[in-house]
Amino acid sequence: MIIAITGTNAAGKDTAAEYLAGKGFAHYSLSDELREIAKERGLEPSRENLIALGNELRRLHGTSFLTKRILERAEGILHIVLSSIRNPGELEPVKGTDGFRLIAIDAPSEIRYQRAKARGRIGEGITLAEFIRMDAEEMHGGNTEQNLAQLIDLADFKIVNDAGFEELHKKLDDAVGPLTKPKRASWDEYFMNIAKQVATRSTCDRKHCGAVIVRDRVILSTGYNGSIIGLPHCDDVGHMIENGHCVRTVHAEMNAVAQAAKNGVNINGSTIYITASPCWICFKLLVNAGIKKICFGEFYRDERIFEAARQAGVELVDLSYAIEG
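The structure presented is a predicted model; accordingly, all values stated were derived computationally and were not measured. (Residues numbered from 1 in each chain as written. Predicted model: local features only at pLDDT ≥ 70, side-chain atom pairs only at ≥ 80, totals over all residues. Heavy atoms only, no water.)

Participant: Please clarify how the overall build of the protein chain should be interpreted in this entry.
Facilitator: Helices and strands together make up the secondary structure of the protein chain, namely 14 helices and 14 strands. Relative to the compact-globule value of 20 Å for 325 residues, the protein chain shows a C-alpha radius of gyration of 31 Å, a clear excess of over 25%. Projecting the C-alpha coordinates of the protein chain onto the three principal axes gives extents of approximately 90 × 45 × 35 Å. The buried share of the protein chain, reckoned over its 325 residues, is 43%. Put simply, 64% of the contacts in the protein chain that link residues at least 6 apart link residues at least 24 apart. Summing over all exposed atoms, the protein chain offers an accessible surface of approximately 17300 Å²; the carbon and sulfur share of this is 50%. Charged side chains of the protein chain number 40 positive and 44 negative; the gap between the two group centres comes to 4 Å. (Helix = DSSP H or I, 4+ residues; strand = E, 2+ residues; numbered from the N terminus. Rg over C-alpha atoms; globule rule 2.2 N^0.38 Å. Buried < 20%, exposed > 50% of the residue type's maximum accessible area, 1.4 Å probe, protein only. Contact = heavy atoms within 4.5 Å. Areas by Shrake-Rupley, 256 points an atom, 1.4 Å probe, with all protein chains shown as cover. Lys, Arg positive; Asp, Glu negative; His and termini not counted. Charge placed at Lys NZ, Arg CZ, Asp CG, Glu CD.)

Rendered as structure tokens:
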């Protein structure tokens, strides 16, 4: 989830971002990015210089320049809060991301003026009237300049920060909602997903199948449906059809068992994950090879395996939900 924060000067944007950082977000400030660039150029990081520098960078390199710089460093981070958004173009790289929200924070001019003075954010002798005049200059800029009014109109949530921290935090919680962690795959899902990747090596386009043999959560062997070693593939010369089935290929689970045998790997007591349930011939092979659990991603044709598995003491597990997911 990416949260972007915009708003007027000294409204509490960084305070809001710091609170979200405590909730698990990585905080990146476009103002800090500007200060770093100003430092590289030997510029005094005054408000006027930073505004001018931001306008210049957006004009020369595009309005999303600062955001893209930050996203390069933040690659792979799940939850991000971007503060000090000042131009609508700075939202372009992130506004289509899942769960994105733009929060605008404002407060009465008098309150913001006192906050700015207390934090040394404005020059000595700046009056309230001058502070309000500078505010107005930031509200309605050109395409590459600061345009807070447009951002505030675009905001998904508008927060008036005119009370204490507790009230601001409550409003932020309402705007952001609970964070959801990505679902961690179960072991069955994990190995079935690997079987799905193995299936991408299949050379028969009538059906791509993959198999993974596992014991104690360690992969012992894999296989996919493909031609006899050294013989041409269906994808190259076409199918060999008998009774409505292609018999040119060796089935995925057969290849997985053969691969284990060729490499001297003991598969007795193991589990096999197959993207499709085994045919009758493959089922018999798996049982006699000592496999005790067969997990399949979709049922495929032969219902005899269910009763035979019950009699043989082999567990059959339908993991079609893992294939669909």
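Participant: Any chance you could explain the sheet that holds strand β4 (residues 101-106) here in plain terms?
Facilitator: Each strand in a sheet pairs with its neighbour through backbone hydrogen bonds, running either in the same direction (parallel) or in the opposite one (antiparallel). Across the sheet, which stays open at both edges, the five strands sit in the order β2-β3-β1-β4-β5 with parallel pairing between neighbours. The sheet is open, and its two borders are formed by β2 (26-29) and β5 (157-160), each paired with just one other strand. The mean angle between the axes of side-by-side strands here comes to 20°, regardless of whether they run parallel or antiparallel. Bridge count between strand β1 (residues 2-7) and strand β3 (residues 80-85): four bridges; the pairing is parallel. Its bridge partner lying in β3, Thr6 is registered against Ile85. Here helix α8 (residues 165-176) sits on the sheet in contact with β1, β4 and β5, set at roughly 175° to β5. (Pairing = 2+ DSSP bridges. Axes fitted to C-alpha atoms, helices over the stretch in contact; angles between N-to-C directions.)

Participant: Where do I start with the sheet that holds strand β7 (residues 218-224) in this structure?
Facilitator: Taking strand neighbours across the sheet as the criterion, the five strands line up as β7-β6-β12-β13-β14 in an open arrangement whose pairing is mixed. Strands with a single pairing partner mark the edges of an open sheet, and in this sheet they are β7 and β14 (315-318). Averaged over all pairs of adjacent strands, the angle between their axes in this sheet comes to 20°, without regard to strand direction. As paired elements, strand β13 (residues 293-296) and β14 share four bridges and run parallel to each other. Bridge assignment links Lys293 to a residue of β14, and that residue is Glu315. Sitting on the sheet, helix α9 (residues 187-199) touches β6 (210-215), β7, β12 (271-274) and β13, and the angle it makes with β6 is about 140°. Packed onto the sheet, helix α11 (residues 252-262) meets β6, β7 and β12 and runs at close to 130° relative to β7.

Participant: Is there a simple way to think about empty space enclosed by the protein in this case?
Facilitator: It is a probe the size of a water molecule, rolled over the atoms, that shows where empty space is left. Under the defined criterion, the tally for this structure stands at one cavity of 30 Å³ or more. Lining the largest cavity are Leu30, Ser31, Leu34, Arg58, Leu66, Ser84, Arg86, Glu90 and Gln146. The greatest single-element share of the lining of the largest cavity, amounting to three residues, is contributed by helix α2 (residues 30-41). Residues that form the lining of the largest cavity fall into these classes: three nonpolar, three polar and three charged. (1 Å grid on protein atoms, 1.4 Å probe; cavity = no way out; pocket = protein on both sides within 12 Å on 5 of 7 lines; lining within 4 Å. Points joined across faces, edges and corners; volume = space filled by probe spheres on them. Nonpolar A, V, L, I, M, F, W, Y, C, P; charged D, E, K, R; others polar.)

Participant: What's the story with the pattern of salt bridges in this structure? I'm lost.
Facilitator: Side-chain pairs of opposite charge can arise where the charged atoms are in close proximity. Applying the stated rule across the entire model yields 14 salt bridges. Across the salt bridge formed by Arg310 and Glu307, the nearest N and O atoms sit 2.4 Å from each other. With Arg310 and Glu307 both in helix α13 (residues 304-312), this residue pair falls three residues apart, about one helical turn. Judged by its relative accessible area of 37%, Glu307 is partly exposed. The network of salt bridges with shared partners includes Glu33, Arg69 and Arg73. (Salt bridge = Lys/Arg side-chain N within 4 Å of Asp/Glu carboxyl O.)

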